[in-house]
Amino acid sequence: MGKTYERIDGRLRKFIESQPVFFTATAPLSEDGHVNVSPKGRAGTLVVLDELTLAYLDFGGSTAETLAHLRENRRITLMWCAFTGPPTVVRVHGRGEPVFRDDPRFAELLGRFDPSADGSALRCIVLVHATRVSDSCGFAVPLMDYQGDRSLHAEYFDRKTDEEFATYCEGKPHVPVSLDGLPALPLPLPPRP
């Protein structure tokens, strides 16, 4: 039976921080807009800042739908599934906010992450202010073995300078604007602080 919690307490925090993958879900206000679900995974790229606030590092590599939706309406849901151990699904519904490289908070927020989690292709940090925290059974979630993070993303973007990454972003059609034409990642990409 699922429960709703007033905050991300010690047990929930431990569960969230121990999962190797989580999912983000966002949508535009338009009823015919594209709903977006994205997997996030690189180790150390999510932190629980306090009992109602999380943050994750947003890297380039595909589109920027999540950023566009957050800029338009701030609605976001994060979800974690237990693929090992007791069956559990945890969801945090909230209000998301992209903190871009030129935001004065960027450097301080980046300092809250393990330095090894930082890497090339970092576009922004997404702050999530929880409005609802809940869990439910994960009885239908399969058991799977975690083998490790894939290194392909980091290896590909580590070969690019920050200037080359900025050029890469400018060349992708759905990075400055979403599939639905919403403003996404502001370009030109500012240098890293």
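Right above here is the structure, for reference.
The shown structure was predicted, so the numbers you read here are calculated from the model rather than taken from an experiment.

1. Observations regarding the overall build of the chain
Reasoning step 1: For the chain, the count of helices and strands is five helices and eight strands.
Reasoning step 2: Along the chain direction, N to C, the helices and strands of the chain fall in the order β-α-β-β-β-β-α-β-β-α-β-α-α.
Reasoning step 3: For the chain, whose C-alpha radius of gyration is 17 Å, the value lies close to the compact-globule estimate of 16 Å for 193 residues.
Reasoning step 4: Expressed as a percentage of the 193 residues in the chain, the buried residues total 45%.
Reasoning step 5: Accessible surface, the chain as shown: approximately 10300 Å² in total, 55% of it carbon and sulfur.
Reasoning step 6: If the 22 positive side-chain charges of the chain are averaged to one point and the 26 negative ones to another, these points end up 4 Å apart.

2. Considering helix 2 (residues 65-73)
Reasoning step 1: With seven of nine residues buried, helix 2 lies mostly within the body of the structure.
Reasoning step 2: Elements in contact with the buried residues of helix 2: strand 2 (22-26), strand 3 (36-40), strand 5 (53-59), strand 6 (75-81), strand 7 (88-100) and strand 8 (122-137).
Reasoning step 3: Looking one or two places after helix 2, you find arginine 74, whose phi comes out positive at around 70°.

3. Let's talk about the packing of aromatic side chains
Reasoning step 1: Per the counting criterion, the structure on display carries six aromatic pairs.
Reasoning step 2: Residues phenylalanine 165 and tyrosine 168 carry aromatic rings whose centres are separated by 6.1 Å and whose planes lie at 20° to one another, so their mutual orientation is stacked. You can see phenylalanine 165 and its partner tyrosine 168 sitting in helix 5 (residues 162-171), three residues apart, about one turn around the helix. With respect to burial, phenylalanine 165 and tyrosine 168 carry one shared label: buried.
Reasoning step 3: Members of the aromatic cluster, joined through ring pairs, are Tyr156, Phe157, Phe165 and Tyr168.
Reasoning step 4: We note arginine 42 situated over the ring of phenylalanine 59; from NZ or CZ to the ring centre the distance is 4.0 Å.

4. Here's the deal with the side chain of threonine 66
Reasoning step 1: On the secondary structure map, threonine 66 appears in helix 2.
Reasoning step 2: The contact partners of threonine 66, leaving out residues within four places of it in the chain, are Thr24, Thr26, Asn36, Ser38, Tyr56 and Ile76.

5. A short note on unusual backbone geometry
Reasoning step 1: The peptide bond linking leucine 187 to proline 188 adopts the cis configuration, its omega dihedral lying at 5°.
Reasoning step 2: Considering the arrangement of structural elements, one finds proline 188 in the segment after helix 5.
Reasoning step 3: The residue arginine 74 is not glycine, and still its phi comes out positive at about 70°.
Reasoning step 4: Here arginine 74 lies in the loop between helix 2 and strand 6.
Reasoning step 5: The class for arginine 74 is partly exposed, based on a relative accessible area of 33%.
Reasoning step 6: Backbone geometry at alanine 121 places phi at a positive 75°, although glycine is not the residue there.

6. Here we look at the pairing of strand 7
Reasoning step 1: Burial of strand 7 is extensive: ten of the 13 residues sit out of reach of the surface.
Reasoning step 2: Taken together, the seven bridges between strand 6 and strand 7 define a ladder with antiparallel strand orientation. In the sheet register, tryptophan 80 faces strand 7, and the bridge partner there is valine 90.
Reasoning step 3: The hairpin turn running from strand 6 into strand 7, its antiparallel successor, is six residues long, and glycine 85 in that turn takes a positive phi close to 70°.

7. Comments concerning the pattern of salt bridges
Reasoning step 1: Taken as a whole and assessed by the stated rule, the structure comprises ten salt bridges.
Reasoning step 2: Here arginine 7 ties to glutamate 51 by a salt bridge, and the two come within 3.7 Å at their closest N and O atoms. Of the two residues, arginine 7 is situated in the loop between strand 1 (3-5) and helix 1 (10-18) and glutamate 51 in the loop between strand 4 (46-50) and strand 5; the sequence distance between them amounts to 44 residues.
Reasoning step 3: Using a relative accessible area of 38% as the deciding quantity, one classes arginine 7 as partly exposed.
Reasoning step 4: Classification of glutamate 51 by relative accessible area gives partly exposed; the value is 44%.
Reasoning step 5: Between arginine 13 and glutamate 17 there is a salt bridge, with its nearest N and O atoms 3.3 Å apart. With arginine 13 and glutamate 17 both in helix 1 and four residues apart, this pair spans about one turn of that helix.
Reasoning step 6: Relative accessible area serves as the criterion here: at 41%, glutamate 17 is assigned to the partly exposed category.
Reasoning step 7: A network of salt bridges, in which partner residues are shared, links Glu6, Arg7 and Glu51.

Parameters at a glance
Residues numbered from 1 in each chain as written. Predicted model: local features only at pLDDT ≥ 70, side-chain atom pairs only at ≥ 80, totals over all residues. Heavy atoms only, no water. Helix = DSSP H or I, 4+ residues; strand = E, 2+ residues; numbered from the N terminus. Rg over C-alpha atoms; globule rule 2.2 N^0.38 Å. Buried < 20%, exposed > 50% of the residue type's maximum accessible area, 1.4 Å probe, protein only. Areas by Shrake-Rupley, 256 points an atom, 1.4 Å probe, with all protein chains shown as cover. Lys, Arg positive; Asp, Glu negative; His and termini not counted. Charge placed at Lys NZ, Arg CZ, Asp CG, Glu CD. Contact = heavy atoms within 4.5 Å. Phe/Tyr/Trp six-rings, centres within 6.5 Å; stacked < 30°, edge-to-face > 60°. Lys NZ or Arg CZ within 6 Å of the ring centre and 35° of its normal. Pairing = 2+ DSSP bridges. Salt bridge = Lys/Arg side-chain N within 4 Å of Asp/Glu carboxyl O.

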